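Summary of the model geometry
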Amino acid sequence: MMKKYRSLIGCMLITMIHTGINSVATAAMPYLREYYQCELSTIIAGASSCSFAMFLAGILGVKVITGLKPKGAFYLSSFFAAAYAIMILISNQVWAFILGCAFIGLTAAWGSHATSNIYIHRFHEEHAAFFIASISTSGMIGGALFQFISGKLLSLYGLRGLYLTMIGASVLAAIIITILV
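In this text, all values refer to a predicted model and were calculated from it rather than measured experimentally.

1. Here's the deal with the overall build of the protein chain
- Helix and strand counts for the protein chain come out as five helices and zero strands.
- Start at the N end of the protein chain and walk to the C end: the helices and strands fall as α-α-α-α-α.
- For a compact globule of 181 residues, the expected C-alpha radius of gyration is about 16 Å, and the protein chain comes in at 16 Å, within 12% of that figure.
- In terms of overall dimensions, the protein chain has a C-alpha envelope of 50 × 35 × 25 Å along the principal axes.
- Expressed as a percentage of its 181 residues, the buried residues of the protein chain come to 48%.
- Separation of charge centres in the protein chain, based on 10 positive and 4 negative side chains, amounts to 11 Å.

Structure representation (structure tokens):
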């Protein structure tokens, strides 16, 4: 009984973090525009890259998640979330941002809702509706919470401090996977 709720809490936290990291660029758009010295439409191309990667990952999602098992897909998604933040930290080229956004699209596709749903249906089908609703809610909370936190971090530490924190959040997600899922 306790393992069931431990895994639910793990899935909720992972979804909160992965969805939250995915929402960071929205809060950072004005800073990103200044950082890359480009038009806002170029930064928005990153969102398009994210959406396109999510679409392609969705097509391959079941095969990837099934092949890696849900836990492996969670780990891979945390890696892609960290890669997204690292791309922004190490390069001041806009192409790195757009590529990083594709990585975060993979995180959004494989590392939160889809993987959690497969995990729940595989191991906790008797309460699937409650678990899925809980996980979806945690994702929405994560998106809102990370945007709020992003605003605070941007004003205190700038863009690099924000994305360094997102690398830390990715590592935290990997720790949660190891302990709770």
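2. Comments concerning the environment of Trp-110
- Tracing the chain through its elements places Trp-110 in helix H3 (residues 94–110).
- For the pair Trp-110 and Arg-6, spaced 104 residues apart in sequence, the C-alpha to C-alpha distance is 21 Å.
- Apart from the residues within four sequence positions on either side, Trp-110 is in contact with Ala-57, Leu-60, Gly-61, Val-64, Ile-65, Ala-73, Leu-76, Ser-77, Phe-80 and Thr-115.
- There is a polar contact of 3.1 Å between the side chain of Trp-110 and the backbone oxygen of Ala-57.

3. Structural notes on the side chain of Thr-107
- Summarising the element assignment, Thr-107 is placed in helix H3.
- Judged by relative accessible area, Thr-107 falls into the buried class, the value being 0%.
- Polar contacts involving the side chain of Thr-107 include one to the main-chain amide nitrogen of Ala-81, which spans 3.1 Å.
- Residues within four places of Thr-107 in sequence aside, it is in contact with His-18, Ser-77, Phe-80, Ala-81 and Ser-112.

4. Thoughts on the environment of Met-2
- Within the secondary structure, Met-2 is located in helix H1 (residues 2–36).
- Separated by 21 residues in the primary sequence, Met-2 and Ser-23 place their C-alpha atoms 31 Å from one another.

5. Considering the side chain of Ser-7
- When you line up the elements, Ser-7 lands in helix H1.
- When residues no more than four places from it in sequence are discounted, the contact partners of Ser-7 are Tyr-119, His-124 and Leu-180.

6. Here we look at the nonpolar core
- If you look at the biggest cluster of nonpolar residues, it comprises 54 residues, and the most contacted ones within it are Ile-21, Leu-32, Tyr-84, Phe-97, Leu-162, Tyr-163 and Met-166.
- Elements supplying a minimum of two residues to this core: H1, helix H2 (40–90), H3, helix H4 (113–123) and helix H5 (128–180).
- If you tally residues by element for this core, the top one is H5, at 16 residues.
- Not counting residues up to four positions away in its chain, the partners in contact with Ile-21 are Ala-81, Tyr-84, Ile-104, Phe-146, Met-166, Ala-169 and Ser-170.

7. Quick look at the state of the cysteines
- Tallied over the entire structure, the rule returns zero disulfides.
- Of all cysteine sulfurs, the one in Cys-101 lies closest to Cys-38, which takes part in no disulfide; the gap is 11 Å.
- Judged by relative accessible area, Cys-38 falls into the buried class, the value being 14%.
- A disulfide-free cysteine, Cys-50 has its sulfur positioned 6.4 Å from the sulfur of Cys-101, the nearest such atom.

Rules of the game
- Residues numbered from 1 in each chain as written.
- Predicted model: local features only at pLDDT ≥ 70, side-chain atom pairs only at ≥ 80, totals over all residues.
- Heavy atoms only, no water.
- Helix = DSSP H or I, 4+ residues; strand = E, 2+ residues; numbered from the N terminus.
- Rg over C-alpha atoms; globule rule 2.2 N^0.38 Å.
- Buried < 20%, exposed > 50% of the residue type's maximum accessible area, 1.4 Å probe, protein only.
- Lys, Arg positive; Asp, Glu negative; His and termini not counted.
- Charge placed at Lys NZ, Arg CZ, Asp CG, Glu CD.
- Contact = heavy atoms within 4.5 Å.
- Polar contact = N/O pair within 3.5 Å; in protein donor to acceptor, adjacent residues only side chain to side chain.
- Core = buried A, V, L, I, M, F, W, Y, C linked by side-chain atoms within 4.5 Å.
- Disulfide = S-S within 2.5 Å.

Function cannot be inferred from these measures alone, as they are strictly geometric.
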